[in-house]
Amino acid sequence: MHNREKSKRTGWAFALLAAMLLLAACGAGAGGGVGPDGANGAGPGGAGANGKAGAGGSGPDGAIRVVTTIAQIAEPLSVIGGGRVQVTSLMGPGVDPHLYQASQSDIRKLGNADVIFYNGLHLEANMLRAFEEIGKRRPVLAVGEAIPEDRLLADGTGAVDPHVWFDIELWKEALGAAVEELKKLSPDDAAFFEANKRDYFAKMDELKEEAVRKMASVPEERRVLVTAHDAFGYFGRMLGLEVVGLQGLSTEDEIGLSDIERTISLLVERRVPAVFVESSINPKSIEAVIEGAKERGLNVRLGGELFSDAMGGEGTEEGTYLGMFRHNVDTIHEALTGEE
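A brief structural summary. Quantities reported herein were computed from a predicted structural model and do not represent experimental measurements. (Residues numbered from 1 in each chain as written. Predicted model: local features only at pLDDT ≥ 70, side-chain atom pairs only at ≥ 80, totals over all residues. Heavy atoms only, no water.)

Description of the overall build of the protein
Tallying secondary structure elements over the protein gives 10 helices and eight strands in all. Each of the 340 residues in the protein was classed as buried or not, and the buried ones make up 53%. In the protein, of all internal contacts separated by at least 6 residues, the share reaching a separation of at least 24 is 71%. Accessible area for the protein stands at about 14900 Å²; split by element, carbon and sulfur atoms hold 50% of it. (Helix = DSSP H or I, 4+ residues; strand = E, 2+ residues; numbered from the N terminus. Buried < 20%, exposed > 50% of the residue type's maximum accessible area, 1.4 Å probe, protein only. Contact = heavy atoms within 4.5 Å. Areas by Shrake-Rupley, 256 points an atom, 1.4 Å probe, with all protein chains shown as cover.)

Shown next, in the form of structure tokens:
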């Protein structure tokens, strides 16, 4: 009975998706339709840089209407695109993209977009069917899948790690693919987009240098990053950290008692001083690790909250890609060294 009801709900959802996309396409073709929350920014209504729009999009003054799944794509593109794009991210602070289901409001926004960017690599697993349908009518790009396969990480089962935004070089490639798509949509703005991309990438390069320098100051035996799920593999590879996630690559993976015991043993053996919770993940598993280590004579403290699958709130420094990344670096560095 449960499976039959679930099948009915799934079928209804995709029937609704097809109907709403058809209506949205008709509206867009007639020059109508409501723009997604009407402003640039990583979240609904955020502000981007100034710049007169070309005629490449259906938004106000010809701005390109961009809809993304995660803010890690949306916020940088709002900076690079300035006033010539109108960017909306479907997933805000604290939202888990692994489990996310598109709402009716999301479907309307997707239907009114000129272009849609998502991470791919199975991060937004529940939305793949929707993207397949929408891609028949407008450009849809999985930016993470623009990265060469030999540079991607995978777990023991062969599942690819989708958290590519934590390697700055890889994320530059992903964002670069999105910018090329914007250039196709508005060729008159291509030079503007390219110049802004170069400026933004220079800031990413500076952040990488800062991060490498800070992590190099952490004693080697303490370079262990323990979090709730395995989202920091690329971060660890780039910065020389051993990464331990209690859950697997997806938050749908279950945490077993053996996972917790193995992590506690590692902490005790290496005398790791801190573990970390994530803004979009339940902290109970990490709390269990702290208690278990205490029972074995090691006082492990909670090092702070990291941003993994979601960024911070709109209008905060952590609500920007650069600010989110820097927050994580600073939080980990301080907790593992005891230095502020």
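Read on for the rest.
Considering the pattern of salt bridges
Oppositely charged side chains may form a pair once their charged atoms are brought near each other. Per the stated rule, a full pass over the model turns up 16 salt bridges. Ionic pairing is found between Glu181 and Lys184, a salt bridge with its closest N-O pair at 3.9 Å. With a gap of three residues between them, Glu181 and Lys184 both fall in helix α5 (residues 168-185), about one helical turn apart. Judged by its relative accessible area of 17%, Glu181 is buried. When the shortest N-O distance is used, the salt bridge between Arg270 and Glu242 registers 2.8 Å. Taken together, the positions of Arg270 in helix α8 (residues 257-270) and Glu242 in strand β6 (residues 242-247) put the pair 28 residues apart, joining distant regions of the chain. Bridged by salt links that share partners, the residues Glu180, Lys183, Glu194, Lys197 and Arg198 form one connected network. (Salt bridge = Lys/Arg side-chain N within 4 Å of Asp/Glu carboxyl O.)

Topic: the sheet that holds strand β2 (residues 85-89)
Remark on secondary structure: sheet strands pair via backbone hydrogen bonds, oriented parallel or antiparallel. Pairing is parallel in the open sheet, where four strands are placed in the order β2-β1-β3-β4. The strands lining the two open edges of the sheet, one partner per strand, are β2 and β4 (140-142). Neighbouring strand axes in the sheet, compared pairwise and without regard to direction, differ in orientation by 20 degrees on average. Relative to β2, strand β1 (residues 64-68) runs parallel, the two being bridged by five bridges. Paired with Val67 across the bridge in β2 is Thr88. Against the sheet, α5 makes contact with β1, β2, β3 (115-118) and β4, and its axis sits at roughly 175 degrees relative to β3, the strand it touches most. (Pairing = 2+ DSSP bridges. Axes fitted to C-alpha atoms, helices over the stretch in contact; angles between N-to-C directions.)

Considerations on helix α10 (residues 321-337)
Along an α-helix, residues three or four apart share an orientation, since each turn contains 3.6 residues. With 17 residues, α10 extends 24 Å between its outermost C-alpha atoms, agreeing within 8% with the 24 Å of an ideal straight helix rising 1.5 Å per residue. Immediately beyond the C-terminal end of α10, within one or two residues, lies Gly338, with a positive phi of roughly 80 degrees. (Expected span 1.5 Å × (residues − 1).)

Overview of the pairing of β3
Residues Val115 and Phe117 of β3 are buried on one face, and the alternating residues Ile116 and Tyr118, pointing to the opposite face, are buried as well. Relative to β3, β1 runs parallel, the two sharing three bridges. Residue Val67 lies in a different strand from β3, and its bridge partner there is Ile116. After leaving β3, the chain enters helix α4 (residues 128-134) and then returns to the sheet as β4, a path that is right-handed. (Right-handed = clockwise from strand over helix to strand, strands pointing away.)

Observations concerning empty space enclosed by the protein
Within this structure, the stated rule accounts for one cavity of 30 Å³ or more. In this structure, the largest cavity encloses a volume near 30 Å³. In terms of lining residues, the largest cavity is bounded by Ile70, Ala71, Gln72, Met91, Gly92, Val95, Asp309, Ala310 and Met311. The residue makeup of the lining of the largest cavity, split by class, is six nonpolar, two polar and one charged. (1 Å grid on protein atoms, 1.4 Å probe; cavity = no way out; pocket = protein on both sides within 12 Å on 5 of 7 lines; lining within 4 Å. Points joined across faces, edges and corners; volume = space filled by probe spheres on them. Nonpolar A, V, L, I, M, F, W, Y, C, P; charged D, E, K, R; others polar.)

Here we look at the nonpolar core
Within soluble globular proteins, side chains that are nonpolar tend to cluster in buried spots. Val66, Phe117, Trp171, Met204, Phe235, Tyr321 and Phe325 are the most contacted members of the largest nonpolar core, which totals 89 residues. Here Phe325 is in contact with Trp165, Phe166, Ile168, Leu207, Ala211, Phe235 and Met238, once residues within four sequence places are set aside. (Core = buried A, V, L, I, M, F, W, Y, C linked by side-chain atoms within 4.5 Å.)

By themselves, these figures tell us nothing about what the structure is for.
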